[in-house]
Amino acid sequence: MKTIANSLMVALSILLVLSCKTDKKQMDTTTDTESTVIENTKKQGQAFITDDESRPNVLNIAIGSEDHTTLVAAVQAAELENALVNAGPLMVFAPTNAAFDALPEGTVENLLKPENKAALANILKYHVTPGNYSKDFLKKFKKLGQSNGVDVAVTVDGDEVYIGEARIVASVPAGNGIVHVIDKVLLPPSE
């Protein structure tokens with residue numbers, strides 16, 4: 001009888017130890033999950049999914065370009081990352097850092113302030129057009145309807161194509177459209 005009682009005690013002790021380990025694992029998993037949820041609530045949407053296999057989208061191309069760090073900072077400040085990774089197709093007219101530097105002093109810094117988020121978003125949307133047209137195909141257009149609802153003129157001078165006052169200096173195909181690198185920042189007409 002003592003042997004059965006001792007065996008029963010040993011079995012109960014083992015179960016108690018195992019249940020404590022299981023509870024600790026569940027607590028660790030819960031804590032890890034809560035940390036992930038808290039971390040992911042800061043940045044949500046397609047723009048924050050890592051994908052190393054697909055053709056880069058227009059946002060990935062801008063992020064990967066040393067010449068577009070100001071544009072990327074502006075997109076992030078306006079919280080437009082998810083708009084640039086949608087299925088598209090999208091044509092993004094991407095001003096270089098030099099184009100932003102050519103704006104009057106303090107303009108970029110002022111636009112990046114939280115209170116100017118709507119104005120910044122309007123300017124950035126003026127750089128996006130639905131479609132996926134090559135530089136040569138754009139020569140057929142007189143104007144393009146931009147994502148902010150305002151049209152921008154398209155002009156041709158020899159082989160050069162201008163969107164507003166900005167010259168297309170390069171074009172990079174993307175998984176969801178095309179990035180046309182431009183030499184000036186497009187500013188929508190004031191209302």
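Calculation criteria
- Residues numbered from 1 in each chain as written.
- Predicted model: local features only at pLDDT ≥ 70, side-chain atom pairs only at ≥ 80, totals over all residues.
- Heavy atoms only, no water.
- Salt bridge = Lys/Arg side-chain N within 4 Å of Asp/Glu carboxyl O.
- Helix = DSSP H or I, 4+ residues; strand = E, 2+ residues; numbered from the N terminus.
- Buried < 20%, exposed > 50% of the residue type's maximum accessible area, 1.4 Å probe, protein only.
- Core = buried A, V, L, I, M, F, W, Y, C linked by side-chain atoms within 4.5 Å.
- Contact = heavy atoms within 4.5 Å.

1. Considerations on the pattern of salt bridges
All chains considered together, the criterion is met by six salt bridges. The salt bridge partner of lysine 117 is glutamate 79, with a shortest N-O separation of 2.9 Å. Placement of lysine 117 in helix α6 (residues 117-125) and of glutamate 79 in the loop between α3 (69-77) and β1 (90-95) is noted, with a sequence separation of 38 residues between them. On the basis of relative accessibility, which here comes to 31%, the residue lysine 117 falls in the partly exposed class. Note on glutamate 79: relative accessible area 54%, which makes it exposed. Across the salt bridge formed by lysine 143 and aspartate 151, the nearest N and O atoms sit 3.3 Å from each other. Take aspartate 151: its relative accessible area is 40%, and that puts it in the partly exposed class. Within the structure, one salt-bridge network assembled from shared partners comprises Asp136, Lys139 and Asp159.

2. Remarks on the nonpolar core
Grouped together as the largest cluster of nonpolar side chains are 26 residues, with contacts concentrated most on Val58, Val75, Leu84 and Leu124. With four residues, α6 is the single largest residue contributor to this core. The next biggest cluster of nonpolar side chains, apart from the first, holds 14 residues, and it includes Met91, Phe93, Val154 and Ile182.

3. Observations concerning the side chain of threonine 70
Structurally, threonine 70 is set in helix α3. Overall, the relative accessible area of 18% leaves threonine 70 in the buried class. Beyond its immediate stretch of four places on either side in the chain, threonine 70 contacts Asn97, Phe100 and Val108.

Scope: geometric values only; no functional claims are made or implied.
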